[in-house]
Amino acid sequence: MSLIGIVFLFTRLWELTLIPVSNDEAMYLYFSKIITSSPSELFISKVDSKQPLFMWLISIAFNWFSDPLFAGRFVSVLAGLGTLIGVYKLTDILYSTRAALMASVIYICCPYNLFHERMIFLESLLSCLGVWIFIFSIQIARAEKNEAKQFAFLGASMGFAFLTKATAVLLFPVPIFIFLIYKSYKKENFFRLFILALSICACISSSYFLATQQLGFSKSHIFLNNPLYFHGVAELINLPWHQWKTNLWLLAEFYIYYLTAPIIFVLALSVWSSFKNKRKEEICLWFWAVIPPLVIVTIAKIFFSRYFLIFIPPLIILAGNALEKLGKRLSFMMNARMNRSKESLREGVVGFLLLTLISMEGLSFSMSLIKNPMKATMPKIDRYQYLESIISGHGIAEGIEFLREKSKSLPIQLFISTFRGNPQDGFSVYLWDDTRIRMIPAPWWPENPKLFPQEEKFPVLTSKYQGSTSTFEKTDALNNVYFIYPHTTYQKEEFYLNNPQWKKVWQFLKPDRKSHVEIYKYEEPR
């Protein structure tokens, strides 16, 4: 297992920062920077309806690494390692050590895990906690006698899962389903101990609700940063078939690209056997892998591939077990014609060959994601988000280099908009501790079309997400002022018309060949 862990870390840490900081990553890093600077702001991510646990871990990682992007992604990699250990342990519990080894290799090579665990996504930690929720649940279900310790671990895992992301609620029915399938409720003290688990979960989760931090954006909800992404009850009653068809097609695209066809083929071979033989553990795994994703498909108007990362581990476990059984069956057929004295060795060789065969496509795709992501064949929506569009991180490093070069002769005061995400958040994270470049949020723009303050004094926010005004400063003191144009629907023609003193001094063409990162400089009226 230690060798598997080393291989895992190698595949995840190699060229870890090759993809520049993405939109959501920049926001998470910004929140983490605030937490590091002001420990009293532990729940600052609530301003965007985000649970804070992942950001807490990133703020700790900032103490280990100077590159904020590497620090954040390193936390995601460690979460992936926790998931891998959980997958190995759970497969070993349910099946065999050989199946656990096969599942672990499949997990490492699977592009779905590799791509998302190399990015700063809340789902990487949520996936880890989801595996351990299942482990504690199955141990409780299989134990002859209930133990408070196992229920306490289950409750803590559920609580920390919710403190990672609200979609953890999709995992909560899984333990209940396991207990129903195994009839755990018939055991002594089950309900008392289950209430203990729920109480621990509630205590951990309640910290988010009790935090005094207010929601910061008009469309935000305490659970969802944009409720418009989901169908309301009235819309669901009208049965949005077209949306459901589109969602299923997109989900299939994610699985075909990232899970790969060979693994899907192996899973297809195993699904009939699982239900025909009524294997409780496999029915529970299929419940985890199928029912929560269908809930997302049913209620969502917009979703992304990362949402489904938490449902990949059960599919990996089922594939590992199915592959081991297939290897045994092929070996048995060979034994009928050959010497049985080397049966165990033959099973191992056949299993290795099968594992190599179904992992090759995923390994090839994973290597392209590591070495040359721009040329990797990805779903269009992911390519747009992370690699090509205005909200991708391309151009941020180059823009920072430009600003630092300009600040050598005279310190820069850099206006940034209070809109969420890239490019402004990416710049802010990397320039956080730069003493030559001071970032100044401009909350008055574009409601007030004049970007440069028109009053004698202007408000200076603690940060764009904290919102509170720390002081007022004299407008006359502003000197050598630059501005990063944000991703916004506000028309540039309007900006040019109302701000003739702002001149574009630098731009970077994004890979989509349509959008740019643009930096403007304020020129004093003559």
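Residues numbered from 1 in each chain as written. Predicted model: local features only at pLDDT ≥ 70, side-chain atom pairs only at ≥ 80, totals over all residues. Heavy atoms only, no water.

Moving on to the overall build of the protein chain. Within the protein chain one finds 20 helices and 7 strands. Scaling as 2.2 N^0.38, a compact globule of 526 residues should have a C-alpha radius of gyration of about 24 Å, and the protein chain matches this with 26 Å. Each of the 526 residues in the protein chain was classed as buried or not, and the buried ones make up 55%. Long-range pairs, those at least 24 residues apart, make up 74% of the contacts in the protein chain with a sequence separation of at least 6. In the protein chain, 53 positive and 39 negative side-chain charges are present, and the distance between their average locations comes to 8 Å. (Helix = DSSP H or I, 4+ residues; strand = E, 2+ residues; numbered from the N terminus. Rg over C-alpha atoms; globule rule 2.2 N^0.38 Å. Buried < 20%, exposed > 50% of the residue type's maximum accessible area, 1.4 Å probe, protein only. Contact = heavy atoms within 4.5 Å. Lys, Arg positive; Asp, Glu negative; His and termini not counted. Charge placed at Lys NZ, Arg CZ, Asp CG, Glu CD.)

Under the definition given, this model contains 17 salt bridges. Of the charged contacts in the structure, one is a salt bridge between lysine 33 and aspartate 433, with a shortest N-O distance of 3.9 Å. Here aspartate 433 lies in the loop between α19 (424-430) and β2 (437-441) and lysine 33 lies in helix α2 (residues 23-37), a separation of 400 residues in the sequence. On the basis of relative accessible area, aspartate 433 is assigned to the exposed category, the value being 61%. Lysine 504 serves as the salt-bridge partner of glutamate 518, at 3.2 Å between the closest nitrogen and oxygen. With glutamate 518 in strand β7 (residues 516-522) and lysine 504 in strand β6 (residues 502-509), this pair connects stretches of sequence that are 14 residues apart. (Salt bridge = Lys/Arg side-chain N within 4 Å of Asp/Glu carboxyl O.)

At a minimum axis distance of 8 Å, the contact between helix α8 (residues 148-162) and helix α10 (residues 190-210) shows a crossing angle of 30°. The orientation of α8 relative to α10 falls into the category roughly parallel. Here α8 and α10 pass one another in a crossing that is right-handed. Along the contact surface, α8 presents Ala148, Phe151, Ala152, Gly155, Ala156, Met158, Gly159, Phe160 and Phe162, while α10 presents Phe190, Leu193, Phe194, Leu196, Ala197, Leu198, Ile200, Cys201, Ile204, Ser205, Tyr208 and Phe209. Its residues assigned to classes, the contact of α8 with α10 comprises 18 nonpolar, 3 polar and no charged. (Axes fitted to C-alpha atoms, helices over the stretch in contact; angles between N-to-C directions. Parallel < 35°, antiparallel > 145°, perpendicular 65-115°, else oblique. Left-handed = near helix turned anticlockwise from the far one by under 90°. Nonpolar A, V, L, I, M, F, W, Y, C, P; charged D, E, K, R; others polar.)

Counting buried positions over the 7 residues of β7 gives 5, a clear majority of the element. Looking at chain direction, β6 and β7 are connected through 7 bridges and run antiparallel. Residue pairing across strands places glutamine 507 opposite glutamate 518, the latter belonging to β7. (Pairing = 2+ DSSP bridges.)

A few words on the pairing of strand β1 (residues 412-416). The element β1 is largely enclosed, with a buried count of 5 among its 5 residues. The side-chain alternation of β1 yields two buried faces, one formed by Ile412, Leu414 and Ile416 and the other by Gln413 and Phe415. Strand direction decides the pairing type here: β1 and β2, joined by 5 bridges, are parallel. Residue isoleucine 416 lies in a different strand from β2, and its bridge partner there is proline 441. Tracing the backbone out of β1, into α19 and back to the parallel element β2 gives a crossover that is right-handed. Note: β1 against strand β5 (residues 481-484), 3 bridges, orientation parallel. (Right-handed = clockwise from strand over helix to strand, strands pointing away.)

What follows covers unusual backbone geometry. In this chain, asparagine 422 is followed by proline 423 through a cis amide linkage whose omega measures 0°. Here proline 423 lies in the loop between β1 and α19. Looking along the chain, the bond that leaves tryptophan 445 and enters proline 446 is cis, with omega of 10°. Positionally, proline 446 belongs in the loop between β2 and β3 (457-461). Here leucine 239, not a glycine, exhibits a phi torsion of approximately 55°, which is positive. For leucine 239, the position within the fold is in the loop between α11 (233-237) and α12 (241-259). By relative accessible area, leucine 239 is classed as partly exposed at 41%. Of note, threonine 260 is a non-glycine position whose phi angle comes to about 80°, a positive value. Looking at the secondary structure, you find threonine 260 in the loop between α12 and α13 (261-276).

Keep in mind that these numbers describe shape and distance, not what the molecule does.
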